[in-house]
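# Observations on chain architecture
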Amino acid sequence: MSRRPFVAGNWKMNMLRADAEKLVGELKPLLAGTDSVDVAVCPVYTALAAAAGALAGSKIMLGAQNLHTVESDGAFAQSGAYTGEISAEMLKDACVAWVILGHSERRQYFGETDAGVNAKAKACFAQGLLPIVCVGETLAERDLEQTNAVVEVQTRGCFAGIPAAQAKDCVIAYEPVWAIGTGRTATPQQAQDVHAHIRGVLASIYDEATANAVRIQYGGSMKPGNAAELLAQPDIDGGLIGGAALKAADFAAIVNAAAKR
Ligand code: 13P
């Protein structure tokens, strides 16, 4: 089964509005010919509007890095007394299509749990947004050979109660925590092994067809120099890019590597 590659830039807590406009302005011509790859940029909330404006007329999609959800009377509240939070409906209103959920930085610094990611994923679907669900092990977990078990628990928790018809449109980002921002990348084989394992977990939750439809991105020090060999792996369907997404030439080089996949 051939899955359409998907490369997303996670800008993390970077970029003022003018920086976002400049980066998008540089990316548009560099990516104009790359029709075979889905591409998204995920700015901070305060730069969403600037990025959305700059993206007009391009196929590059807009993503966010989190959302808030709370169930009230069996529905997801889209507004209310939740100071400092942003709902799925507000993201949709800001032209967002994708939402990164459960990034390891959110798990580590903000106490995000699989159950919370699961609720947020459901809140995405309720508003027609699509989640990019992040999973990945710490270095200590890898050293203890717990990687497969960790990503399995995360995947099962994050997808609990999500029907196959929605799951097939989700994206999973496998991001080994030890590879994020460290310059230390998983080898193509290490990444492929975990991606294949995640796909197997999806097949056991759902079925082969659903598992084969889900795109699994790799994230963790993906750069122009290592993107091609990672993307050549059969179960690596794209990338979730941090540092290299902040430079137009680097991000475009990764997207172009995905186009040649
Ligand atoms: P780096 O590409 O900077 O390692 O970050 C990866 C990441 O966390 C993307 O979400």
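Presented here is an overview of the structure given in this document. (Residues numbered from 1 in each chain as written. Predicted model: local features only at pLDDT ≥ 70, side-chain atom pairs only at ≥ 80, totals over all residues. Heavy atoms only, no water.)

### Observations concerning the nonpolar core
Burial of nonpolar side chains together is a common tendency in soluble globular proteins. Put simply, the test is: Side-chain atoms within 4.5 Å link the members of a nonpolar core, which is a set of buried Ala, Val, Leu, Ile, Met, Phe, Trp, Tyr and Cys residues. For each residue, the accessible area found with a 1.4 Å probe, counting protein chains only, is set against the maximum for its type, and the residue is called buried under 20%, exposed over 50%, and partly exposed in between. Where helices and strands are cited, they refer to DSSP runs of H or I of at least four residues and of E of at least two residues respectively, numbered from the N terminus. Residue contacts follow a heavy-atom distance rule, with two residues in contact if any of their heavy atoms lie within 4.5 Å.
Core analysis: the biggest nonpolar cluster contains 71 residues, and Val 99, Ile 198, Tyr 218 and Phe 251 have the highest contact counts within it. With 7 residues, the top contributor of residues to this core is helix α12 (residues 248–259). Aside from chain neighbours lying at most four places away, what touches Phe 251 is Val 7, Ala 8, Gly 9, Leu 27, Val 39, Ala 40, Val 41, Ile 241, Ala 244 and Ala 245. Counting 11 residues, the second-largest nonpolar core is a separate cluster that includes Cys 42, Trp 98, Cys 134 and Ala 173.

### Here's the deal with the site of the ligand
Counted only if it meets this: We call a residue near a molecule or strand as soon as one heavy atom of that residue lies within 4 Å of the molecule or strand. By the criterion applied in these results, polar contacts are pairs of N or O atoms within 3.5 Å in which, for protein atoms, one can donate a hydrogen and the other can accept it, and in which residues neighboring in sequence qualify only through two side-chain atoms. Residue burial considers only the protein chains on display, and all accessible areas are found by Shrake-Rupley using a 1.4 Å probe. Ten residue types, Ala, Val, Leu, Ile, Met, Phe, Trp, Tyr, Cys and Pro, are classed as nonpolar, four, Asp, Glu, Lys and Arg, as charged, and the remainder, Gly among them, as polar.
Taken together, Asn 10, Lys 12, His 103, Glu 175, Ala 179, Ile 180, Gly 181, Gly 220, Ser 221, Leu 240, Gly 242 and Gly 243 make up all the residues around the ligand. Side-chain polar atom of His 103 to an oxygen atom of the ligand: 2.7 Å apart, as the coordinates give it. The separation between an oxygen atom of the ligand and a polar main-chain atom of Ser 221 is 2.7 Å. Coverage of the ligand by the protein chains reaches 96% of its 310 Å² of free accessible surface. Here the residues of the shell around the ligand are counted per class, giving 3 nonpolar, 7 polar and 2 charged.

### Some remarks on the pattern of salt bridges
Heads up, the condition is: Only one rule defines a salt bridge in this text: a Lys or Arg side-chain nitrogen within 4 Å of an Asp or Glu carboxyl oxygen.
Enumeration over the complete set of coordinates arrives at 16 salt bridges. A salt bridge links Glu 105 to Lys 12; the nearest nitrogen and oxygen atoms lie 2.8 Å apart. Taken together, the residues span a long stretch of sequence, with Glu 105 in helix α4 (residues 104–110) and Lys 12 in the loop between β1 (6–10) and α1 (17–31) at a distance of 93 residues. Accessibility expressed as a relative area gives 24% for Glu 105, which makes it partly exposed. The closest approach of N and O atoms between Arg 107 and Asp 114, which form a salt bridge, is 2.6 Å. A relative accessible area of 17% places Asp 114 in the buried class. Through salt bridges with shared partners, a single network forms among Arg 3, Arg 199, Asp 235, Asp 237 and Arg 261.

### Here we look at the packing of aromatic side chains
Quick note on the threshold: Between the rings of Phe, Tyr and Trp (Trp by its six-membered ring), a pair exists once the centres lie within 6.5 Å; its type follows the angle of the planes, with under 30 degrees stacked, over 60 edge-to-face, and the other angles tilted.
Tallied over the entire structure, the rule returns 3 aromatic pairs. Seen from their ring centres, Phe 6 and Trp 98 are 4.6 Å apart, and the 45 degrees between their planes marks the pair as tilted. Taken together, the residues Phe 6 in strand β1 and Trp 98 in strand β6 (residues 98–101) connect sequence positions 92 residues apart. Here the two residues Phe 6 and Trp 98 agree in accessibility, since each one is buried.

### What about the side chain of Gln 78?
Relative to the assigned elements, Gln 78 resides in the loop between β5 (75–76) and α3 (88–93). With a relative accessible area of 14%, Gln 78 lands in the buried category. A distance of 2.9 Å separates a polar atom in the side chain of Gln 78 from the backbone nitrogen of Glu 89. Beyond its immediate sequence surroundings of up to four residues, Gln 78 is in contact with Ser 87, Ala 88, Glu 89, Met 90 and Gln 127.

### As for the pairing of strand β8 (residues 171–174)
What counts here: When DSSP finds at least two bridges between two strands, those strands are taken to pair.
Here β8 shows two buried faces, one formed by Val 171 and Ala 173 and the other by Ile 172 and Tyr 174. Note: strand β7 (residues 130–135) against β8, 4 bridges, orientation parallel. Paired with Val 133 across the two strands is Ile 172, which belongs to β8. Both β8 and strand β9 (residues 215–218) contribute to a ladder of 4 bridges, which runs parallel. What sits directly across from Tyr 174, in β9, is Tyr 218.

### Remarks on helix α2 (residues 48–55)
In terms of burial, α2 is a largely internal element, 6 of the 8 residues being buried. Within the span of α2, buried status applies to Leu 48, Ala 50, Ala 51, Ala 52, Ala 54 and Leu 55. The inward-facing, buried residues of α2 abut α1, β2 (38–42), β3 (61–64) and α3.

### Focus: the state of the cysteines
Condition: In plain terms, two cysteine sulfur atoms within 2.5 Å form what is called a disulfide here.
Taken as a whole and judged by the stated rule, the model has 0 disulfides. Cys 42 provides the cysteine sulfur closest to Cys 95, a residue in no disulfide bond, and the two sulfurs are 14 Å apart. Among the cysteines around Cys 124, which has no disulfide bond, Cys 170 carries the closest sulfur, lying 8.3 Å off. On the basis of relative accessibility, which here comes to 0%, the residue Cys 124 falls in the buried class.

### What to know about the packing of α1 against α2
Put simply, the test is: Axis definition: a line fit to C-alpha positions, over the contact stretch in the case of helices; interaxial angles, taken between N-to-C directions, run 0 to 180 degrees. Each angle gets one of four labels, with under 35 degrees taken as roughly parallel, over 145 as roughly antiparallel, 65 to 115 as roughly perpendicular, and the rest as oblique. For a crossing to be left-handed, the near helix must be turned anticlockwise from the far one by less than a right angle; the clockwise case is right-handed.
As a packed pair, α1 and α2 sit with axes 8 Å apart at the nearest point and diverge in direction by 25 degrees. As summarised for this structure, α1 and α2 are arranged roughly parallel, according to the angle between their axes. Remark: the crossing between α1 and α2 carries right-handed chirality. On α2, the residues that touch Arg 17, Glu 21, Val 24 and Lys 28 of α1 are Ala 50, Ala 51, Ala 54 and Leu 55.

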